[in-house]
Amino acid sequence: MSYLFPTYARWNVSVKEAKGSWVTDENDKKYLDFVSGIAVCNLGHADDDVMQGVQDQLKKYWHVSNLFHQPIQEEVAKLLVEHSDGEAVFFCNSGAEANEAAIKLARKHTGKTKIVTFLQSFHGRTFATMSATGQEKIQQGFGPLLEKFTYLPYNQTQALEELEEDVAAIMLEVVQGEGGVVPAEQEFIDKVAETCKRVGALLIIDEVQTGIGRTGKPFGYQHYGITPDIITSAKGLGSGMPVGAMIGASSLIETFQAGSHGSTFGGNPIAMAAAKATLTKILQDDFLNEVTEKNIYLVNKLNSIIGNHPLVKEIRGKGLLIGIECKEQVSMMVDQLRDNNLLVLPAGPNVIRMLPPLTVSYEEIDEALGIIDQTFSTLKQSAVAH
Ligand SMILES: *Cc1c(COP(=O)(O)O)cnc(C)c1O
């Protein structure tokens, strides 16, 4: 008997505690967590500095509203601005809300309405962000959707060439996360940026999953040498305290005046304290370079262990957002890996997605590789059997 809406296909795991790269269930079974609360706990579970920051803030005050100046909001915004191409930040509570703010800002600023996104994208579950999401399964049963959203094929340039000047914004992920861990190609990103200039549209990069060090840069778009007008962030930003942010270019600042947009909880000081501690730790060159080194180590080892496995098609990703594309549906493999104490996620029907904490140790990576090796070798036998 549950008192909750059954909106999630929950695993048969009841959590007792979580620390670092590990989750312990009520039966004291320990799982190596390569999900990280879905790209949220980038410093691992219950990071000591984040905990300290939150505890210190709790003792000072924990909510007063945005009628007050709250210096901690300025501190977090400064960190975000210093490590991105934006100049001002709007704080909210989730990825969907950050994208909502971006869509509202783009329409108000340009006076245009059409928003272009991409097939297999994911931008959230609210009406605007669901309308922006290029996946029918997310939208089914909820129509009519918001008007003026169009979806183009990802990593293809031709449809972009046909866009005209009625476009307010083009919004995309630089690695499609939910859609199957699909990194954008440089040529495609260049064409998107060029198209925005040509048609007078804003470039919105949804960094909700790819931001906050996940790909080895503060934000994933920084691999591509482009300058977005708007960057949205959430997931990893508060290490598990709910927080989202929309970061906008200087030319957009005057478009949002007092009363244009708002959020009761946005910029909540507890969330800000968590974000400040998180950003202070992650936005260091040494830390980010290690994410890239771990990517190289993990992807090389994965290739040597399962690269030639009959079920594996491709191993790809950026930083510690890694996908194993398989030739079959992966839900059973995800379940078996979990039975064998490794937590991973599906991304689309055929991709196993790994999002270890950015703080994962090489020993833990080796342990995960051992579980993957063992699990895939039993899969090989069963695949041969039928
Ligand atoms: C998770 C996600 C969202 C939605 O974030 P919520 O906090 O669940 O609203 C939006 N965009 C991307 C790319 C995401 O991965």
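The structure displayed is predicted, hence computed values, not measured ones. (Residues numbered from 1 in each chain as written. Predicted model: local features only at pLDDT ≥ 70, side-chain atom pairs only at ≥ 80, totals over all residues. Heavy atoms only, no water.)

S.K.: Summarise the packing of helix α2 (residues 48-60) against helix α9 (residues 269-282); cite the residues concerned and give the values.
M.R.: Here α2 crosses α9 at 150°, and the two axes come no closer than 8 Å. Taken together, α2 and α9 sit at an angle that is classed as roughly antiparallel. Relative to α9, the crossing made by α2 is right-handed. Between α2 and α9, the residues in contact are D49, V50, G53, V54, Q57 and L58 and P269, I270, A273, A274, A277, T278 and K281, respectively. Across the contact of α2 with α9, the residue classes break down as eight nonpolar, three polar and two charged. (Axes fitted to C-alpha atoms, helices over the stretch in contact; angles between N-to-C directions. Helix = DSSP H or I, 4+ residues; strand = E, 2+ residues; numbered from the N terminus. Parallel < 35°, antiparallel > 145°, perpendicular 65-115°, else oblique. Left-handed = near helix turned anticlockwise from the far one by under 90°. Contact = heavy atoms within 4.5 Å. Nonpolar A, V, L, I, M, F, W, Y, C, P; charged D, E, K, R; others polar.)

S.K.: So what's going on with the sheet that holds strand β1 (residues 15-19)? Which residues, and what values?
M.R.: Strands sit in the order β1-β2-β3-β15 across an open sheet of four strands; the sheet is mixed. Both outer strands of the open sheet, β1 and β15 (342-343), are each paired with one neighbouring strand and no more. Here β1 pairs with strand β2 (residues 22-25) via four bridges, running antiparallel. For K19, the partnering residue across the bridge sits in β2 and is W22. (Pairing = 2+ DSSP bridges.)

S.K.: Talk me through the site of the ligand; I want residue IDs and the actual numbers.
M.R.: Close contacts around the ligand come from S94, G95, A96, N99, F122, H123, E173, D206, V208, Q209 and K235, and that covers them all. A distance of 2.8 Å separates an oxygen atom of the ligand from a polar backbone atom of G95. A distance of 2.8 Å separates a nitrogen atom of the ligand from a polar side-chain atom of D206. Coverage of the ligand by the protein chains reaches 81% of its 380 Å² of free accessible surface. (Near = heavy atom within 4 Å. Polar contact = N/O pair within 3.5 Å; in protein donor to acceptor, adjacent residues only side chain to side chain. Areas by Shrake-Rupley, 256 points an atom, 1.4 Å probe, with all protein chains shown as cover.)

S.K.: Lay out the pairing of strand β12 (residues 244-248) in plain terms, naming residues and giving numbers.
M.R.: Looking along a regular strand, one sees the side chains alternate between the two faces of the sheet. Counting buried positions over the five residues of β12 gives five, a clear majority of the element. Residues of β12 alternate between two faces, with G244, M246 and G248 on one and A245 and I247 on the opposite face, all of them buried. Pairing geometry for strand β4 (residues 88-92) and β12, over five bridges, is antiparallel. Bridging from a neighbouring strand, V89 pairs with I247 of β12. In the sheet, strand β11 (residues 230-233) pairs with β12 via four bridges, with the strands oriented antiparallel. Paired with T232 across the two strands is M246, which belongs to β12. (Buried < 20%, exposed > 50% of the residue type's maximum accessible area, 1.4 Å probe, protein only.)

S.K.: Give a detailed account of the packing of helix α3 (residues 71-82) against α9, specifying residues and quantitative values.
M.R.: Each pair of packed helices gets described by two things: the angle between the helix axes and the distance between those axes. The N-to-C vectors of α3 and α9 enclose an angle of 35°; their axes lie 9 Å apart at closest approach. As for how α3 packs across α9, the hand of that crossing is left-handed. Note on element contacts: α9 touches α3 through P269, M272, A273, A275, K276, L279 and T280, opposite I72, Q73, E75, V76, L79 and L80. Residues that form the contact of α3 with α9 fall into these classes: nine nonpolar, two polar and two charged.

S.K.: Explain the sheet that holds β11 residue by residue, including any values.
M.R.: The strand order β4-β12-β11-β10-β7-β5-β6 describes an open sheet built from seven strands, whose pairing is mixed. Here the strands that pair on one side only, and so sit at the sheet edges, are β4 and β6 (149-152). Geometrically, the sheet is characterised by an average inter-axis angle of 20° between neighbouring strands, direction not taken into account. Two elements, strand β5 (residues 114-118) and strand β7 (residues 167-172), share three bridges in a ladder whose sense is parallel. Within β7, the position partnered with I115 by the bridge is A169.

S.K.: I'd love a proper account of the domain arrangement of the protein, names of residues and values included.
M.R.: According to the domain assignment, the protein consists of domain 1 (15-33 + 285-385) and domain 2 (48-282). Here domain 1 and domain 2 have C-alpha centroids that lie 27 Å from each other. The interface is formed by 21 residues belonging to domain 1 together with 21 residues belonging to domain 2. Across the domain 1/domain 2 interface, buried area totals approximately 1,700 Å², and carbon plus sulfur atoms make up 61% of it. When residues of domain 1 are sorted by the area they lose upon contact with domain 2, L288, K318 and L321 head the list and together hold 37% of the total. Between D48 and K19 there is a salt bridge; the shortest N-O distance is 2.9 Å. Linking domain 1 with domain 2 are eight residue pairs in polar contact (both at pLDDT 80 or more), by the criterion used here. Breaking the side of domain 1 that touches domain 2 down by element, the ones donating at least two residues are α10 (285-306), β13 (312-318), β14 (321-326) and β17 (351-354). Residue contributions to the side of domain 1 that touches domain 2 peak at four residues, all from α10. Looking at the side of domain 1 that touches domain 2 residue by residue, the classes come out as 12 nonpolar, five polar and four charged. (Domains from an automatic or database assignment. Buried area = accessible area lost by both parts, 1.4 Å probe. Salt bridge = Lys/Arg side-chain N within 4 Å of Asp/Glu carboxyl O.)

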